[in-house]
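# Inside the fold
Single-letter residue listing:
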Amino acid sequence: MLAQIGDQAKLLAGGQSLIPLMKLRFANPAHIVDINFIPGISYIKEDDGVLRFGALTRHAEIENSKITAKFPIIHDCAAGIADVQIRNRGTIGGSIAEADPSGDWATVLMTQAAEVHCLSAKGERTVSLNHFIADAYTTVLAHDELVSEIKVKIPPKGTGGAYLAFKRAAPVYPTASAAVNVAMEGDVCKEAAIALGCVGLTAIRATAAETELRGQRLTDKSIAAAAEAARAAGDPQSDMRGTAGYKRALVAALVKRAIEIAIRRARGEQVEVSHIYA
Ligand SMILES: Cc1cc2nc3c(=O)[nH]c(=O)nc-3n(C[C@H](O)[C@H](O)[C@H](O)COP(=O)(O)OP(=O)(O)OC[C@H]3O[C@@H](n4cnc5c(N)ncnc54)[C@H](O)[C@@H]3O)c2cc1C
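The structure contained in this document is the topic of the report that follows.

Quick notes on the rules
- Residues numbered from 1 in each chain as written.
- Predicted model: local features only at pLDDT ≥ 70, side-chain atom pairs only at ≥ 80, totals over all residues.
- Heavy atoms only, no water.
- Helix = DSSP H or I, 4+ residues; strand = E, 2+ residues; numbered from the N terminus.
- Contact = heavy atoms within 4.5 Å.
- Pairing = 2+ DSSP bridges.
- Axes fitted to C-alpha atoms, helices over the stretch in contact; angles between N-to-C directions.
- Right-handed = clockwise from strand over helix to strand, strands pointing away.
- Disulfide = S-S within 2.5 Å.
- Buried < 20%, exposed > 50% of the residue type's maximum accessible area, 1.4 Å probe, protein only.
- 1 Å grid on protein atoms, 1.4 Å probe; cavity = no way out; pocket = protein on both sides within 12 Å on 5 of 7 lines; lining within 4 Å.
- Points joined across faces, edges and corners; volume = space filled by probe spheres on them.
- Nonpolar A, V, L, I, M, F, W, Y, C, P; charged D, E, K, R; others polar.

## Considerations on the environment of Val 127
Note on placement: Val 127 falls in strand β6 (residues 123-128). In sequence terms Val 127 and Leu 141 are 14 residues apart; their C-alpha atoms lie 9.9 Å from each other. Non-local contacts of Val 127, meaning those with residues more than four positions away in its chain, are made with Glu 115, Val 116, Cys 118, Phe 132 and Val 140.

## A few points about the sheet that holds strand β4 (residues 50-54)
If you walk across this open sheet you meet the five strands as β3-β4-β9-β5-β6, and the pairing is antiparallel. Strand pairing shows two members of the sheet lacking a second neighbour, β3 (44-47) and β6, which therefore form its edges. Here the strands of the sheet are splayed against their neighbours by 25° on average, with no regard to which way each runs.

## Section: the pairing of strand β1 (residues 9-12)
Pairing of β1 with strand β2 (residues 31-34) involves four bridges; the strand directions are parallel. When the sheet's bridge partners are listed, Ala 9 is paired in β2 with His 31. For the crossover that starts at β1, traverses helix α2 (residues 18-23) and ends in the parallel β2, the hand is right-handed.

## Section: the state of the cysteines
This structure, assessed with the given rule, holds zero disulfides. Lacking any disulfide linkage, Cys 77 is separated from the closest cysteine sulfur, that of Cys 198, by 11 Å. Cys 77 supplies the cysteine sulfur nearest to Cys 118, a cysteine that is in no disulfide, at a spacing of 19 Å. A relative accessible area of 0% places Cys 118 in the buried class.

## Side note on empty space enclosed by the protein
This structure, assessed with the given rule, holds one cavity of 30 Å³ or more. The volume enclosed by the largest cavity comes to roughly 50 Å³. Forming the boundary of the largest cavity are Ala 99, Asp 100, Pro 101, Gly 103, Ala 106, Thr 107, Ile 133, Leu 201, Thr 202 and Ala 203. Taken together, the residues of the lining of the largest cavity break down into six nonpolar, three polar and one charged.

Structure (structure tokens):
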């Protein structure tokens with residue numbers, strides 16, 4: 001249908017971004033193609049070292065899945081999105097296709113070497129998440145192409161991740177957020193991935209902060225250095241959620257806390273987290 005109707009068509013998944021935009025008259029598609037009736041595109045599977053999410057999988061299904069309970073950073077994200085009504089409708093595919101700079105999934109998936117499977121009448125392709133999101137509200141999808149699946153490599157033993165967001169209330173987007181993944185060997189960090197949310201036009205990979213951790217014994221000093229590097233990596237705008245300076249300070253604090261939790265989880269500790277509310 002997308003190929004037949006052309007670029008005047010919009011897909012409808014959970015409708016939790018598209019419908020508010022239509023109500024505000026920021027979006028006015030001539031045609032809506034509802035994918036909610038297509039069977040078999042909502043699933044969570046674990047096979048061959050890979051976690052697979054069907055594009056129509058709701059945030060709530062991921063939050064409550066036994067499979068994702070084993071991957072705390074994924075659970076942190078799904079369980080923290082807005083409120084239960086929005087999590088019951090909103091989908092992981094719709095979230096990354098929307099590429100909202102404040103969306104939670106892109107920030108988390110950026111630390112997980114995620115890949116996006118894209119499908120059209122012409123064929124299929126797999127794009128790394130880092131290349132999939134091109135700019136704010138912009139992806140590399142062609143108008144006749146959709147997201148069919150999101151794939152995440154299952155991290156090896158000794159790896160831990162955490163995602164923390166700071167919010168004013170549940171049904172609003174975060175003011176800032178941080179996702180951290182560390183692979184530990186004893187006290188030494190073998191690999192690190194850090195991504196920042198809501199402090200740029202897209203989620204930002206904080207590579208200088210990762211360098212402060214990689215190959216290092218993780219101490220208060222190295223964690224503080226990574227947090228400082230994360231502060232410098234953010235490029236936030238001042239808005240009703242806070243000034244740019246406030247968001248930079250906030251994201252640094254979130255990175256520090258997320259690193260500490262990720263280390264504990266890498267050691268096998270069960271650490272429950274929830275977003276931080278103002
Ligand atoms: C009050 C409120 C608060 C919210 N707070 C948060 C929050 O804190 N954090 C957060 O991350 N999100 C938040 N959201 C957004 C929510 O998570 C949405 O569910 C999500 O952004 C979009 O998913 P959806 O399935 O609803 O997509 P839809 O609204 O149906 O679609 C969004 C866009 O993606 C396109 N699309 C949908 N599915 C596909 C697909 N498979 N392939 C290609 N294109 C597709 C649509 O055409 C549309 O352009 C909030 C929403 C509301 C209304």
